[in-house]
Every structure is written in C-alpha cells, then in structure tokens.
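# Report on the structure
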Amino acid sequence: MFKSFLMAALVLTAGAFVACEDPNTGENDVFEGMPEISAVADVDGVTLEGGVVTVTVTSNAPWTAEVDAADVTLSKKSGNGDAVVTVTVPAATAARDIKVSFTAKGVMAGVELTPTAEVALFQNAAGKLGISGITPEVVGAGAEFSLENVLVVATGAKAYMIADESGAMVVYHSGHGRTVGEKINISGQVTVFTKDTGSFGTPQFTNTATVEVVSTDNEVAHNPVVVSGAAFDNLTDSKIAKEVELVGTWKVSGNYANIEGIEGATKMGSVQYVNNADYAHFDGQAVLIKGYYVGLSVSGSTNYVNVMPYSVEADPNSPQLNVDKTEITFAADATSSSRQTFTATTNSLEGYELSWSIDNETDFTLGKQLGNTARTTLYVTPKGANEGSVKSAIVTITFSNGTKTLTKTVKVIQESNSAANATLDMAALYGDQERGTEVGEKTVDGITIKWDKGSNTNASKLYDGLVRSYATNTFTLSGATITNVEITYESYTDPNTVSANVGTYTDGIPTGTWVGAASEVVFTIDPQSAGSTKGQRRIKKIVVTYQK
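The residue numbers shown here count from 1 along each chain, following its written sequence. With pLDDT at 70 or above as the cut-off, local features in this predicted model cover only qualifying residues; side-chain atom pairs require 80 or more to be listed or tallied, and sums for whole chains, interfaces and linings still use all residues. To get the side-chain values, take all heavy atoms of the structure and skip hydrogens and water.

## Comments concerning the overall build of the chain
A tally of regular secondary structure across the chain gives 4 helices and 42 strands. Radius of gyration (C-alpha) of the chain: 31 Å, far over the 24 Å computed for a compact globule of 548 residues. Taken along its principal axes, the extent of the C-alpha atoms in the chain is 105 × 60 × 45 Å. Residue pairs at least 24 apart in sequence account for 65% of intrachain contacts in the chain once pairs closer than 6 positions are excluded. Computed by Shrake-Rupley with a 1.4 Å probe, the accessible areas treat only the displayed protein chains as cover when residues are assessed. For the chain, the accessible surface area stands at approximately 25300 Å², while carbon and sulfur atoms represent 47% of it. The distance from the centre of the 37 positive side-chain charges to the centre of the 60 negative ones in the chain is 8 Å. Runs of E in the DSSP output that reach at least two residues are strands. Runs of H or I that reach at least four are helices, and both are numbered from the N terminus. Within these notes, the globule rule equals 2.2 Å times the number of residues to the 0.38 power, and the radius of gyration is based on C-alpha atoms. Whether two residues are in contact is decided by their heavy atoms, any of which lying within 4.5 Å being enough. The charge count includes Lys and Arg as positive and Asp and Glu as negative, but it does not include His or the ends of the chains. Charge positions come from single atoms, namely NZ of Lys, CZ of Arg, CG of Asp or CD of Glu.

See the structure below:
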C-alpha cells in the first residue's frame, strides 16, 4: 500500500500494555498505567479552498491535542479515551503541510509517560500527498510512493529533479530520457542515501520507479533563494531538497566539479549529476549557479554541499578569462611559417585590461592576430627548425584591474627529433617501503610520477610489489614532452576504468596505452558511479616514451 495512504494515518503508540483503569473517567483524572494513543484521519488532506478532516482518536488515557497552524481549528483539544475530532482547515493561497498532535498522559511506577500520535495533513491543489511530505522520517529504510502530475524541473547525466507546489526531490536514474517541462506520474521506491562518513542525501526515487508522461513542454517557473555564508552552510540542516542560487569559483577536481570561494561560507560546494566536459571552460572562473540542494558529502575533513544545477553561467559581476588552449606543440622541423593561434575571451568590466607575454623570446614569437573588446586571438611561431633538445615556453595571459588579477597559461613545445624511454617499475621504485604504505612522488630518467587521492579517503598504496590505486585517485606523469605511455596492470581488477586528461588513452587489462604530445598527463582511476569511491586498479609498471 502506497505511503501516500499511510501518511494520513501515522500511528505512534507507547507499547502494548493494557491498563485496568476505566478510560471514560474525567479528563483531569490521573491515569495509572501505560498510556496508549493512536490517531487516524479519514482523508489525506484538503484542497486550497479548505475543508474538514475527521480524525478518530483511540486512547486508554486522558489526552490533549494541538495543531501547528494558527488558523486551523480543532473541535476538541482534550479528552479521555476514544473520541472523534474534527479538524477545520480554512482556505489558503499556497500549499502547506499541517500537523495535528495528540498526546496521552499517564503515570507508571511514579514516572510520567506522554506518548504522542501525529496526523500529517496536506493542503494543496489536489488535497493529496505532495513532495514536501516525503521526508527522511517518513521514508525510513525505504518506502513506496505515488505522485501525480509532478513537473520535471532539471535534468542531469544520472538523475533529474521533479517538483510540485510543495517542494522538489531527486529521481536517480541514469539514461532516464526525461526533459525539462514534462509532467509525469511516478510510482516506486524512495530511499535516503546515508554513509558512515556522515554523508547523506535528500529523499530520491530509485531507478526502478515507473513513469508515465502526462504532457510535455509545460512552463517551468524557477524561484531560487540566494544563499551565501551561514545560509549556504546551513543548507545541510534541511532534510529535503531546496532551490538555491549561489556564486563561487568553478574548480575541476578529477571527475568532480566543486564550487570554491562562496562568500562567507565554510563548506565547499559540489555540483552533482553533470557532465564535466560540458563545463570545462568554467574551470577557475566565477560562476552563477541555480539549482537544487540534494545533500551533504563528507571526504576527510571537507564537507561538500551538493547541488544539482539547472543553470550554470559566468557570473556577470566577476571578471572572466577563458583561453581555448592549454598547450601548443610544434614538430621539430617546424619553421617561422608554422603559426598556431589561441583565443582569450573576457567579459567587459570597467577598469580591467587584458595583457600577454612569453618567457622564451629566443625560440618563439608571440603576437596578436585579431582582437576586440571581448575576444583576442594570439599567435605563436617557432623561430626555426629544432635540431637539438626539446624547446619550450610559457605564454601568460592576464586580465587585471590592478587589484584583482586572473591568469591563464599556455605551454608551448617544439619537439626534438630524438626520443627516450623511462621505465617506472613499481616494485623497484617503492621497494624500500613497507606493505600497505602510501606511495609518493618519484623521478626516473627525467620523468616524474606524482600521486593524488582525489576525493577518496584512501591514497594509492604499495602491496606486494604493486601499487593499488583507488577510485578517484590520480597519477601524473611530467618532466618532458611525453608521446607514449604503456601501463601494465595486474589481471585482477574491480570494474573501474582508467582515463587521461589529454591525448588518447586506450584502457585494457593487462595493458593500457596512451598516445599524444604533452608535457603533463594526468591519469584517473574512474569511479564506478557518480560519487562512488569503490574499487581499484593494480599497477605493475609504466613505460614512458618522451622527446629529449
């Protein structure tokens, strides 16, 4: 039976003790024994026009009643034993939840006992259970719910948000196919995610929920509340989804996107259920995000306030600087006719100017090709063919008003005609360490490997001559122009893939291969699902081919 039926009949009793007292004595008499009370309403609620709800009270003791809405009246506020109480709800202009509490009173072994039964009523357009009534307390370990004519208000890679006039909630479903503006009927299991670390989420329908599309292209009216400082931190006090608007700096961290620098806040923002590639251009930029708070994640000492967005855009009141390339590579035989361009884009803010420089004018030329108030195209050329070792330079682009400065860099490389290999054998590299200890940065033949645990509480560790690298852990190779990487894994593996931030990586067991041309390559042990830190890959050896 659906929870929407049960909500109006929430029954709380203090036990199964049956007292010998006559329950029909005076209301002010002291009941000796274990008091019991339950309350059942004849309907879930009323419409916005108002109405009357009849509550049947069953008790063996004196009781009192109260309601949490000042304009709602009760036909009886006290009684002794069984009774019928009429709840009169006047008309309202907005949806609301109403709670009527019935508290029995008794004395047993000199101890006063006051069990309470609560009836949750809903006043809304339909007079039925709304999303705001699906709270963690009601869901418990999981429960069935059915909602009608709820609106799809935001969509993400692995979930979407539904809303009615009372509130919003998550539907966790990868490959859902939903679009904003659909009205749907949905039925199925609702759960609340919790984790031993302290992480928790708001109630969400699981991917087994059944959906019927009622209509499409409905208007969606968003009304976010601006949050910063304590208001942002205190979102975690809420156990239901809330629509919010915030400003912070978009920061890519492995497979996650975090929001840093939220004014006055101590907690970190984290964007959920998005494809990071769609927002990579925002990395390091101030953004204006509108979306729904969906829970708290805890990793180590950091608390992440999770938001599922429906809108992400550059903050118009903050300086913006985007550069479309991070690295430019020339072949060894390239000449001064081998020009390559990149583009810097800014917003128009009074007092800010764009400037650029290169730190190696001996081997490269930097100049402006085109420009206007918001978009500037720059070019780099080598001054001749390279017959020696790899040549490199850093182009620095700044957008500044003298007080606040944004900076982006572009790495410039001219390859050499000669190549070399560096072999990083894990057993030899960390052979002096004890089993189960964290591995650190090492350099072999000019190639440096650096490890980072990402959002996992576990860092990469040495076990039996192998490095176990866990979900969201990364390892970075740098030190030269890398053109090929071959990684040998142990055949054992959890269902975690490995990916690279640049170039082309083909994953495989026992061998994964990367090709490209980059001065730095970051490999990530991919999570099995969004937010998961389960699983690992076991690395035996890495062979790096690079330009001298």
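## Focus: the sheet that holds strand S3 (residues 51–59)
Two strands make a pair as long as DSSP finds a minimum of two bridges between them. Strand order across the open sheet formed by 4 strands is S1-S3-S7-S5, with antiparallel pairing between neighbours. Edge positions in the sheet fall to strand S1 (37–41) and strand S5 (73–74), since each has one partner strand and no second. As judged from the 5 bridges shared by S1 and S3, these two strands associate in the antiparallel manner. Each residue of the ladder has a partner; that of Ala41, found in S3, is Val55.

## Some details on the nonpolar core
Joining through side-chain atoms within 4.5 Å is the link that ties buried Ala, Val, Leu, Ile, Met, Phe, Trp, Tyr and Cys residues into a set, and such a set is a nonpolar core. Buried residues are those whose accessible area, probed at 1.4 Å on protein chains only, stays under 20% of the maximum for their type, while exposed residues exceed 50% and partly exposed ones sit between those limits. Core analysis: the biggest nonpolar cluster contains 31 residues, and Leu424, Phe523 and Ile542 have the highest contact counts within it. Counting residues per element, the ones that place at least two in this core are strand S33 (419–425), helix H4 (426–429), strand S35 (447–452), strand S38 (474–489), strand S41 (511–525) and strand S42 (536–547). It is S38 that contributes the most residues to this core, 7 residues altogether. With sequence-adjacent residues up to four places away left out, Leu424 is seen in contact with Leu429, Val444, Ile447, Ile449, Leu477, Lys540, Lys541, Ile542 and Val544.

## Some remarks on the environment of Val43
Relative to the assigned elements, Val43 resides in the loop between S1 and strand S2 (45–46). On the accessibility criterion, Val43 (32% relative accessible area) is partly exposed. Between the C-alpha atoms of Val43 and Val171, which are 128 residues apart in sequence, the distance is 27 Å.

## What about the pattern of salt bridges?
Within this document, salt bridges are pairs made up of a side-chain nitrogen of Lys or Arg and a carboxyl oxygen of Asp or Glu, the two lying within 4 Å of each other. Tallying each qualifying case throughout the model produces 9 salt bridges. Of the charged contacts, one joins Asp71 and Arg96 as a salt bridge, the two residues approaching to 3.0 Å between their closest N and O atoms. Pair noted here: Asp71 is in the loop between strand S4 (62–67) and S5 and Arg96 is in strand S8 (residues 96–104), with a separation of 25 residues, a long-range link. On the basis of relative accessibility, which here comes to 38%, the residue Asp71 falls in the partly exposed class. Across the salt bridge formed by Arg537 and Asp507, the nearest N and O atoms sit 3.0 Å from each other. Placement of the pair is Arg537 in strand S42 and Asp507 in the loop between strand S40 (504–506) and S41, with a sequence separation of 30 residues.

## Let's talk about the side chain of Thr472
Mapped onto the fold, Thr472 is located in the loop between strand S37 (466–470) and S38. Of the residues examined, Thr472 reaches a relative accessible area of 4% and is grouped as buried. Looking at Thr472, its side chain comes within polar contact range of the main-chain nitrogen of Ser455, at 3.2 Å. Non-local contacts of Thr472, meaning those with residues more than four positions away in its chain, are made with Tyr256, Lys453, Gly454, Ser455, Asn456, Thr524, Ile525, Pro527 and Ser532. Distance and chemistry together define a polar contact, namely a pair of N or O atoms within 3.5 Å, with one atom able to donate a hydrogen and the other to accept it when in protein, and with adjacent residues in sequence counting only for side-chain atoms on both sides.

## With respect to unusual backbone geometry
Cis geometry marks the peptide bond from Ile509 to Pro510; its omega dihedral reads 15°. With respect to the element layout, Pro510 can be found in the loop between S40 and S41. A positive phi angle is found at Ala109, which is not glycine, with a value near 55°. Here Ala109 is to be found in the loop between strand S9 (106–108) and strand S10 (111–113).

## As for the sheet that holds strand S29 (residues 364–371)
With antiparallel pairing, the 4 strands of this open sheet are ordered in space as S25-S27-S30-S29. The strands lining the two open edges of the sheet, one partner per strand, are strand S25 (321–323) and S29. Neighbour-to-neighbour, the strand axes of the sheet open up by a mean angle of 25°, direction not taken into account. Pairing between strand S27 (residues 340–346) and strand S30 (residues 375–382): 6 bridges, direction antiparallel. All axes here are fitted lines through C-alpha atoms, helices being fitted over the stretch that makes contact, and every angle between N-to-C directions spans 0 to 180 degrees.

## A closer look at the packing of aromatic side chains
One pair of aromatic rings is described through two measures. These are the centre distance and the angle between the planes. Stacked, edge-to-face and tilted labels apply to pairs of Phe, Tyr and Trp rings (six-membered ring for Trp) whose centres lie within 6.5 Å, assigned for plane angles under 30 degrees, over 60, and everything in between, in that order. Per the counting criterion, the structure on display carries 11 aromatic pairs. Plain terms: the ring middles of Phe475 and Phe523 are 5.1 Å apart, the flat faces sit at 15° to each other, and that makes the pair stacked. Of this pair, Phe475 sits in strand S38 while Phe523 sits in strand S41, placing them 48 residues apart in sequence. An aromatic cluster of at least three residues, connected via ring pairs, comprises Trp451, Phe475, Tyr505 and Phe523. Consider the ring centre and the ring normal. A charge sits over the ring if Lys NZ or Arg CZ is within 6 Å of that centre and within 35 degrees of that normal. Across the ring face of Tyr463, the terminal group of Arg468 is positioned such that the distance to the ring centre comes to 4.2 Å. Directly above the ring of Tyr489 sits Arg537, whose terminal nitrogen or CZ lies 4.2 Å from the centroid.

## As for the confidence of the model for the chain
Confidence per residue, as judged by the predictor, is encoded in pLDDT with a range of 0 to 100. When pLDDT is averaged along the chain, the result is 90, and 95% of the positions lie at 70 or above. Throughout residues 1–25 the model reports pLDDT below 50, and contacts reaching past four residues in sequence, or to other chains, amount to 60 contacts.

## Brief notes about the environment of Lys99
One can find Lys99 in strand S8. Setting aside chain neighbours within four positions, we find Lys99 in contact with Glu66, Val67, Asp68, Glu118 and Val119.

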